[in-house]
Structure formats: structure tokens, C-alpha cells
Amino acid sequence: MVKKAKSNIMWGARFYNAPDHIMKSINASINFDRRLYKHDISASIIHAEMLVKNEIISEQTGIKIVDGLQTILQEIESNNFDFKVDLEDIHMNIEARLYELIGEEAGFLHTARSRNDQVSTDFRLWTRDAVDELIQQLENLMKAFLKKAEAHVDTIMPGFTHLQVAQPTTFGHHLLAYLEMLSRDINRFQSTRLRLNECPLGAAALAGTSFAINRIDTSTRLGFDRPMSNSIDAVSDRDFCLDFLSTCAICATHLSRFAEELVIWTSTQFNFVSLSDKFSTGSSIMPQKRNPDAAELIRGKVGRVTGSLVGLLSVLKGLPLAYSKDLQEDKECVFDAFDTMSLCLIAMTGMVSDLKPNEKILRDAAKDGFSTATDLADWLVRELGIPFRESHNITGRIVKLAEKNKCKLIDLDLESLQTIEENISSKIFSVLTVEASVASRDSFGGTSPSQVRIQISKWKKRLF
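Residues numbered from 1 in each chain as written. Predicted model: local features only at pLDDT ≥ 70, side-chain atom pairs only at ≥ 80, totals over all residues. Heavy atoms only, no water.

(A) Spotlight on the environment of Ala-203. With respect to the helices and strands, the residue Ala-203 is situated in the loop between strand S3 (198-199) and helix H8 (215-221). As a C-alpha pair, Ala-203 and Arg-226 span 23 residues in sequence and 13 Å in three-dimensional space. Not counting residues within four places of it along the chain, the set of residues in contact with Ala-203 comprises Asp-117, Gly-208, Arg-215, Ser-231, Ala-234 and Val-235. (Helix = DSSP H or I, 4+ residues; strand = E, 2+ residues; numbered from the N terminus. Contact = heavy atoms within 4.5 Å.)

Below is the structure:
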């Protein structure tokens, strides 16, 4: 007599013994993929209704299945559902509960589908929702940057290259740079959404199905643009995960760059901005400390998000077509990246909204480092007709003179300037203030307040 299988009731008929407890642990994904429950139930309901519509299962059976799935949804959302590790994943947990609710007719639900196309469909639905949520959070952050930039169109600060004072700019203009970065992040998320919005359901295990299903119907009802064209690709593709993770990694890098600036700017040595108590912490031993820990944590979490991308790339690089169990490793990294990004975006929005630039300190710092040297060189070209390379050399010598005299360029007297270039007139002093420097940068996208206001108007139309 053949020994009865003691394995998983959903797939164990050809097995003689149950898996080892370690096998159960490594095989199970229910502890993290349970968050797919809404998408699994939604896709299952639409699949069942398609089966009825195409006379693959009876209408009575379809009604029972749909009613049972809706009951399960209510149970999960009311925290009244028993998730079982022995049933491996969210799909089998839901199906097993459906058996308990309606009996053997639950078995018809899995007609013309496999867990392979089922999980790929669920995961695409979840990722699509995640993309939409992150886009909304990015827009909230952009609005916070925009509001702060508008309030500080005329707040002069030093612009940096190599973290050395370069030219005067404005706080508003500096913040608008981050709106440009974040808008590209939104474009990347939108592009990711566009590419992932194809439906795998109906591809079954890898080769399609012999049942006369309507994949266009299920695809449309689930909000996809179209069914995926190749059944093998449908169950094996995880490009949408890589798209999502790479976009998250780039976005996290942008957040990290501003977080780094906040860490620098809030230091005693810079004191460019102040963060509110809401996003600062103290020291357990030094009572005077105010640490920008929220910014530091955002800066640190970029490694976590980038690690998720590298981790999944490493999983996928050696996989033959079509489905392999390795693909179960796709979800935790994507879930973690989403959770991390969502938290960082919310925290960064709070910090940007609350930060206060120290305007006098910023203005005074903009005067350091001979920041108007380029204005002097430009004046020589414009007023005296000197080629820029020569004016650059003349200006360099003037800077050297100011450095020797331990003064700013504007503090040099006319006679000293004329020892280096005899044709310099007193008009030169009109371009050597930081206010004049900023106002003169009136080219499109420049730092002049008039240009910044143009950009602010553009962003208001886009965001509000």
C-alpha cells in the first residue's frame, strides 16, 4: 500500500513525507508577503469572474468563491485571520481558508493559473500602488521646498564648488535645485509605473493554459494597460522590481545629499540654518548638544536602499528561465526599500518645512572667499574689452593682492587695482558686492531673484 503523503495539502500528493522543519522555515514567505493580501484577493476575484464569464466554472461556484474571498478580506482587515507558516505564502493561506469557508469548490479558483503568474500579478499591483504613494510623498516634499524657496528668494548665501566658496547665490535658488532633482525622481517613478503596468495573469506556470480564458478582460479590470505578450517572460520577469529599486536608490541619494548639507549647515562652524526640536536629538552626556539625527539617518539609509538594489541584481543575474524559487527573494528588498523611502520622504518634508535659515550669517559668509572675483573678471571683459583668459589672469593677481592685504576685493582702493590694470575705473566697485553679483546672474535658470521668481511661478503651476 502506498503511504499517504503528509506534505502540503495544496501540492503534496506526489510526496511521501512532510518537509523538514528547516525546509518549512526557509520555504515560507508568509511573514513578509502577507502585505499582498488585498492584491491577491482582488486578482482572484477578477480571475474567478472571468472563469464564470467564459463558462469554465459555473456561476454558482463563482459566486461562492467571490463571497468567500470577500469574507477573507474582512477577516484579514479586522485582524481576525490566522496566517500559517505551514501554508508557505499569502496565496496558499487565502486558498486554504477559502476551502474552510466553501468546501471543495474552492479548488476551482486555481483553474487556468499558477502561483507563478499569480504572485507576479499581485506583486505588480502592489508595486504600482507603492509607486503612486511615493510620487504623492515626493510632491509633498517638493511643495515644502517650494514654499521655503519662495520665502527666501532674496536671501543671499555662498554658493560652493568643492565645498569652497565659489560665487554668491540665494537660498531660494539653492533649494530649487532639489525640486529639479525630485521632479526627475517622479519622472522615473512614472516611467517605472508605465513599464510595469502589464498583466502576467493567465500565463500560468510558464506556458499559458489550455482553458479558453480572456486575458484582455482580466488585464483591463485590474487596471493594466495590456496582458504580457510572452508567458515565459510574464512569470520570470522582475525588471519592474529593479526599476523600482533603482529609482528608489537615485531618489534616496538625492535625499542624502540634502541631508548632508543640513548636517554641515547646522554645525557650529557653519550655523547656516537651524532645525526645530522636532527633528533634532540631544546627547546622553553632553547637555549642550543638538544633533541633526533625522538628517543623519536619512543620509545613512541610502546605503540600505542601494543595498536592496544590488541584492536583487545579484539574485537575478544567474537565473535561467522561467521561474525559480530564488525569485521569492524579490519581495523583502522591495518592501524594505518602499518602507525606508516613505519614512525618509516624510521626515525630510518635516525638516524642510521647519528649518530656518540664519540670513545674516548666510549673507556674511557669501562675502568670504573672494566670491565676487568672477564678477570682476566679467567686468574687465565687458567694460575694457579684455579677452576672458587675460581678465582671469588679471583678476587672479588682484585676488592675490587682496589676500596679501587680508581684505576683501571691494576693500581694495582704486590705486591698488590700477597697479595691476591701469584702465580699471571706480565703476568696478559697483559689481563687487554680493547683492550686485546675485542680481547680475540673470541668464535663464540663473540665481538672480528675477529668474528664481520665474522658476517659482513655473513650479507653482505644476504642483498646485
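The structure having been displayed, the exposition proceeds.
(B) Spatial organisation of the state of the cysteines. For the structure shown, the criterion picks out zero disulfides. As a non-bridged cysteine, Cys-344 has Cys-251 as the owner of its nearest cysteine sulfur, 9.1 Å distant. Judged by its relative accessible area of 5%, Cys-344 is buried. (Disulfide = S-S within 2.5 Å. Buried < 20%, exposed > 50% of the residue type's maximum accessible area, 1.4 Å probe, protein only.)

(C) Main features of the side chain of Asn-291. Within the secondary structure, Asn-291 sits in the loop between strand S5 (273-274) and helix H11 (293-316). On the accessibility criterion, Asn-291 (16% relative accessible area) is buried. Leave out the neighbours within four places in its chain, and Asn-291 touches Phe-279, Ser-280, Thr-281, Gly-282 and Ser-283.

(D) Molecular detail of the packing of aromatic side chains. Within the structure shown, the criterion is met by 15 aromatic pairs. The rings of Phe-123, Trp-126, Phe-240, Phe-335 and Phe-338 are connected pair by pair, giving a single aromatic cluster. Directly above the ring of Phe-83 sits Arg-34, whose terminal nitrogen or CZ lies 4.2 Å from the centroid. (Phe/Tyr/Trp six-rings, centres within 6.5 Å; stacked < 30°, edge-to-face > 60°. Lys NZ or Arg CZ within 6 Å of the ring centre and 35° of its normal.)

(E) Structural detail: helix H6 (residues 115-151). For H6, spanning 37 residues, the distance from its first C-alpha to its last is 54 Å, which sits close to the expected 54 Å at 1.5 Å a residue. Summarising burial for H6: 26 of the 37 residues are buried, a large majority. The backbone nitrogen of Asn-116 has a side-chain oxygen 3.0 Å away, supplied by the residue at the start of H6, namely Ser-114. (Expected span 1.5 Å × (residues − 1). Polar contact = N/O pair within 3.5 Å; in protein donor to acceptor, adjacent residues only side chain to side chain.)

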